[in-house]
Amino acid sequence: MSQVEQPSEETAVPLREYLAILRLRKWSIIGITALVVASALFFSFQQTPIYESTSKVLVKPVTAATTTGVPVTPPNLETERELVQSTAVAELVAEDLNIPDEPDALLGDLTVEVATNTEILEIRYADPDPLEAQRRAQAFAQGYLQFRRQQALDDLLAASQSVQQRIRALNRQRAEVTAQLD
């Protein structure tokens with residue numbers, strides 16, 4: 001047979017005392033709770049809402065028409081993420097949007113993440129104005145693409161100049177051989 005233990009007189013008395021204190025102070029407890037809730041609501045309604053806009057960019061490797069047959073390596077997305085957050089891209093954005101502030105000031109509200117298992121960069125911009133958040137997120141996406149396009153053009157121009165030098169050297173050799181044959 002199991003015995004059910006009855007609460008001892010020592011434990012029952014403090015519980016009654018606690019309940020008596022709570023009944024005695026119930027208006028103080030209710031008042032303090034209401035004050036805390038009202039303060040929290042007041043301060044939360046006073047805060048300016050922050051809107052966030054997202055632009056997504058598919059990052060593909062830059063391919064040049066080459067005959068080497070070397071496979072193109074995929075871009076390092078962490079490097080591309082850092083590139084979006086660079087001062088160089090921020091300068092393009094500031095110029096595009098006619099923002100007189102320092103370009104670095106634009107980077108404070110910018111977040112760039114790499115979507116998991118994809119080649120997509122998610123560019124987020126936060127601002128109190130929803131239209132401005134959208135404009136700036138889109139401007140950073142466009143600025144990144146413009147920067148990458150210019151890099152690709154510079155690389156192609158450098159490769160083109162190298163090929164042009166080689167063509168000129170071969171033409172000189174051809175001219176020399178032709179002169180020797182004549």
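Caption draft 1: Focus on the sheet that holds strand 2 (residues 110-114). The 3 strands lie next to each other as 1-3-2, forming an open sheet whose pairing is antiparallel. For this open sheet the edge positions go to strand 1 (51-58) and strand 2, each flanked by a neighbour on one side alone. In this sheet, neighbouring strand axes are inclined to one another by 20 degrees on average, regardless of whether the strands run parallel or antiparallel. Docked against the sheet, helix 3 (residues 77-84) engages strand 2 and strand 3 (120-127), running at close to 165 degrees with respect to strand 2. Lying on the sheet, helix 6 (residues 130-181) is in contact with strand 1, strand 2 and strand 3; it crosses strand 1 at an angle near 20 degrees.

Caption draft 2: Here's a closer look at the nonpolar core. By size, the foremost hydrophobic cluster in this structure holds 22 residues, and its most contacted members are V93, L106, I123, F140 and Y144. Of all the secondary-structure elements, those providing two or more residues to this core are helix 3, helix 4 (87-97), strand 2, strand 3 and helix 6.

Caption draft 3: Quick look at the packing of helix 3 against helix 6. Between helix 3 and helix 6, the shortest axis-to-axis distance is 10 Å and the interhelical angle comes to 115 degrees. As judged from the angle between their axes, helix 3 and helix 6 are roughly perpendicular. Crossing hand, helix 3 versus helix 6: right-handed. Between helix 3 and helix 6, the contacting residues are E80, L83 and V84 on the first element and F140, Y144, F147, R148 and Q151 on the second. When the residues that make up the contact of helix 3 with helix 6 are grouped by side-chain class, the tally is 5 nonpolar, 1 polar and 2 charged.

Caption draft 4: Structural context of the packing of aromatic side chains. Within this structure, the stated rule accounts for 2 aromatic pairs. Where F42 meets F43, the ring centres are 5.4 Å apart and the plane angle is 70 degrees; that geometry is what we call edge-to-face. Using a relative accessible area of 55% as the deciding quantity, one classes F43 as exposed. Seen from their ring centres, Y125 and F140 are 6.0 Å apart, and the 20 degrees between their planes marks the pair as stacked. Taken together, the positions of Y125 in strand 3 and F140 in helix 6 put the pair 15 residues apart, joining distant regions of the chain. For F140, a relative accessible area of 0% puts it in the buried group.

Caption draft 5: Here's a closer look at helix 3. Those residues of helix 3 lying buried are L77, E80, R81, L83 and V84. Buried positions in helix 3, seen along its axis, are confined to an arc of 160 degrees and lie on one side of it. Where helix 3 is buried, its residues touch helix 4, strand 2, strand 3 and helix 6. Of the residues flanking the start of helix 3, the one acting as N-cap is N76, its side-chain oxygen 3.0 Å from the backbone nitrogen of E78.

Caption draft 6: Just helix 4, in detail. Buried residues of helix 4: V89, A90, L92, V93, A94 and L97, and no others. Where helix 4 is buried, its residues touch helix 3, helix 5 (103-106) and helix 6. One or two steps after helix 4, the chain reaches N98, where phi turns positive at roughly 55 degrees.

Caption draft 7: Looking closely at the side chain of R124. Within the secondary structure, R124 is located in strand 3. Looking at R124, the relative accessible area reads 19%, which means it is buried. Of the polar contacts made by the side chain of R124, one reaches the side chain of E122; its length is 3.1 Å.

Caption draft 8: Spotlight on the pairing of strand 3. Strand 3 sits mainly inside the fold: 7 of its 8 residues count as buried. Pairing of strand 1 with strand 3, which is carried by 8 bridges, proceeds in the antiparallel orientation. When the bridges of strand 3 are listed, S53 appears paired with Y125. Bridge count for strand 2 against strand 3 is 5 bridges, and the pairing is antiparallel. Each residue of the ladder has a partner; that of T111, found in strand 3, is R124. The hairpin turn running from strand 2 into strand 3, its antiparallel successor, is 5 residues long, and N117 in that turn takes a positive phi close to 55 degrees.

About the cut-offs
By convention here, each chain's residues receive numbers from 1 onward along its written sequence. Residues qualify for local features only when their pLDDT is at least 70, as the model is predicted, and side-chain atom pairs are given and counted only at 80 or more; totals for whole chains, interfaces and linings, by contrast, use all residues. With hydrogens and water excluded, all non-hydrogen atoms of the structure serve as input to the side-chain values. When DSSP finds two or more bridges between two strands, those strands count as paired. The helix count covers DSSP runs of H or I at least four residues long, the strand count covers runs of E at least two residues long, and both are numbered beginning at the N terminus. Lines fitted to C-alpha atoms define the axes here, with helix axes fitted over just the stretch in contact, and angles between the N-to-C directions of these axes take values from 0 to 180 degrees. Here, two residues are considered to be in contact whenever any of their heavy atoms come within 4.5 Å of each other. Put simply, a nonpolar core is a bunch of buried Ala, Val, Leu, Ile, Met, Phe, Trp, Tyr and Cys residues held in one set by side-chain atoms that sit within 4.5 Å of each other. Partly exposed describes any residue whose relative accessible area lies between the buried limit of under 20% and the exposed limit of over 50%, with all areas from a 1.4 Å probe on protein chains only and scaled to the type maximum. Throughout, the term roughly parallel applies to angles under 35 degrees, roughly antiparallel to angles over 145, roughly perpendicular to angles from 65 to 115, and oblique to all others. Crossing handedness: left-handed means the near helix sits turned counterclockwise from the far one by under a right angle, and right-handed means the same turn made clockwise. For this classification, Asp, Glu, Lys and Arg are treated as charged, while Ala, Val, Leu, Ile, Met, Phe, Trp, Tyr, Cys and Pro are nonpolar and the rest, including Gly, are polar. Whether two aromatic rings pair depends on their centres lying within 6.5 Å, for rings of Phe, Tyr and Trp, where Trp uses its six-membered ring; planes under 30 degrees apart make the pair stacked, over 60 edge-to-face, and the rest tilted. Taken from the helix axis, the directions to the C-beta atoms give the arc we talk about. Within 3.5 Å is the distance limit for a polar contact, defined as a pair of N or O atoms, with the added protein rule that one can donate a hydrogen and the other accept it, and that residues adjacent in sequence qualify only through two side-chain atoms.

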